[in-house]
Amino acid sequence: MSDILIVDDERDIRELISDILRDEGFSTRLAANSDQAVAELNAAEPALMILDIWLKDSKMDGIDILKQVKRNNPEVPVVIISGHGNIEIAVAAIKQGAYDFIEKPFNIDQLLVVIRRAMETARLRRENSTLKRGEARAAEMLGNSAPFRRLREQLDKVAKSNGRVMLTGEPGAGKEIAARYVHAQSPRAREPFVTVPCATIEPEHMEEVLFGRETPERGVEAGLLEQAHGGVIYFDEVADMPLGTQPKILRVLTEQQFQRAGGTDKVRVDLRVISSTNRDLSAEIAAGRFRQELYDRLNVVPVAVPSLAERRDDIPLLATHFIEQFHAAQGLPARALPEETCAALKAMNWPGNIRQLRNVIERVLILGDGTGPIQPSELEGQNGSTSTSEALALGPQITSLALREARELFEREYLLAQINRFGGNISRTAQFVGMERSALHRKLKSLGVVGGMRVEEELMGK
């Protein structure tokens, strides 16, 4: 970004500076008074501002404009120029946030050096801020399964545009990782990624958190929308956004500007919006808890994030990744995952999806004995218990049945667990359980299993 706004009441000076800067490869905009300067700032945030202290026929002088810029556009470096320079004015300008002060008549080479240094300083400050938030790293998308590959292909296409994205999927399925992946692959990758956790912000504080506030005691406190300027704002679980806040967000999406709580100035923002939800927003709209207009604005590109149950083939890869992660971050043992343990993990139920898998791996590494391979027995009692282990517990469900019925229940649960283990692949399941594929089809049909998982799809396609 090399757009420079030049504010000076003397036409010859502002045009001279503009000509010089354009010869150096910069683009420029010109303003002769405070009204024009504010209008240009509201139209688009410049990369740098050259500002004269004394402006004839203006409502505000240069110091007043500087204060407003530092309040509304704090990332814009301002170089003050003046033909009536003195130490007091220079000190006042620097105290108000000016990058530097140059007296007229100025040396062109000196001005160019100051401009380049100011822009480089602003760039480094933005990068440092991004690194501190941990947003510079690209989100890791791990998986090889067919549903995962389809998801990544969709996200790669979405990343190239600036369209608003609505991610849907079960809790813990990785919707935020998908949102960060879009950000990391987009032209905005070097700009902020700011998350709005709609479900955890108190409704009465939501607007202050989003829009920020201005008070005499504390001055300007930027909200999340302002912090995300130039980058991505991610509304996590947007269905939990208070109904009263929704029309104000709709207005921001339409106008790309807002007012802070207690403030009077318009704050302009350039944002890409990504949202997520695990609810049926159509049902929320019908119940009067979500606005149809906001849904229409947010749901430009809908993307479904598959559950872990839909991508079981990725479980060994994800589990290994978590082991490596915990070893590097916490010093937990880097234990191996033998094939039988991977099979057990794939056969387990995962209502909490990837988040639950991560928790199970961490728990096993903390509580496990030694550094040897993780054994299937160590998974017993975890949240994602297998359906076969549940069926084999001889409680009333089993002991109240006749032998034939109990055997059928066992066979059904056992075969469902194996189908889950192999991601719905009938051929691989048949090979493992030692049955002919056609015989397995007949057995599944007799047990009423057809239609579970991807079995129906598999039967229809073969």
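Parameters at a glance
Residues numbered from 1 in each chain as written. Predicted model: local features only at pLDDT ≥ 70, side-chain atom pairs only at ≥ 80, totals over all residues. Heavy atoms only, no water. Salt bridge = Lys/Arg side-chain N within 4 Å of Asp/Glu carboxyl O. Helix = DSSP H or I, 4+ residues; strand = E, 2+ residues; numbered from the N terminus. Buried < 20%, exposed > 50% of the residue type's maximum accessible area, 1.4 Å probe, protein only. Polar contact = N/O pair within 3.5 Å; in protein donor to acceptor, adjacent residues only side chain to side chain. Arc of directions from axis to C-beta. Phe/Tyr/Trp six-rings, centres within 6.5 Å; stacked < 30°, edge-to-face > 60°.

K.L.:
I keep staring at the pattern of salt bridges and nothing clicks. Help me out?
P.N.:
In a structure, side chains of opposite charge can pair up when their charged atoms sit close to one another. The final tally for this structure, using the stated rule, is 26 salt bridges. Between D313 and K346 there is a salt bridge whose closest N-O contact spans 3.5 Å. Of this pair, D313 sits in the loop between β14 (301-304) and α13 (315-330) while K346 sits in helix α14 (residues 339-347), placing them 33 residues apart in sequence. On the basis of relative accessibility, which here comes to 11%, the residue K346 falls in the buried class.

K.L.:
I'm lost on the environment of W350 in this one. Help?
P.N.:
For W350, the position within the fold is in the loop between α14 and α15 (353-367). Of the residues examined, W350 reaches a relative accessible area of 5% and is grouped as buried. For W350 and L308, which are 42 residues apart along the polypeptide, the C-alpha to C-alpha distance reads 6.7 Å. A distance of 3.5 Å separates a polar side-chain atom of W350 from the backbone oxygen of M348.

K.L.:
What is the right way to read helix α20 (residues 437-446) from this model?
P.N.:
Three- or four-residue spacings in an α-helix give side chains the same orientation, since the helix completes a turn every 3.6 residues. All of the buried residues along α20 are L440, H441 and L444. Projected down its long axis, α20 carries its buried residues within an arc of 105°, all on one side. Turned more than 90 degrees away from the buried face of α20, the exposed residues are R442 and S446. G448 sits one or two positions beyond α20 and adopts a positive phi of about 75°.

K.L.:
Which parts of the structure should I look at to understand the packing of aromatic side chains?
P.N.:
A ring pair, where both rings are aromatic, is described by two values, the distance of the centres and the angle of the planes. For the structure on display, the rule yields 3 aromatic pairs. With a centroid separation of 5.5 Å and an interplanar angle of 45°, the aromatic rings of F211 and F258 are classed as tilted. In this pair, F211 sits in helix α8 (residues 206-211) while F258 sits in strand β11 (residues 257-259), placing the two residues 47 residues apart along the sequence. Judged on exposure class, the residue F211 and its partner F258 are both buried.

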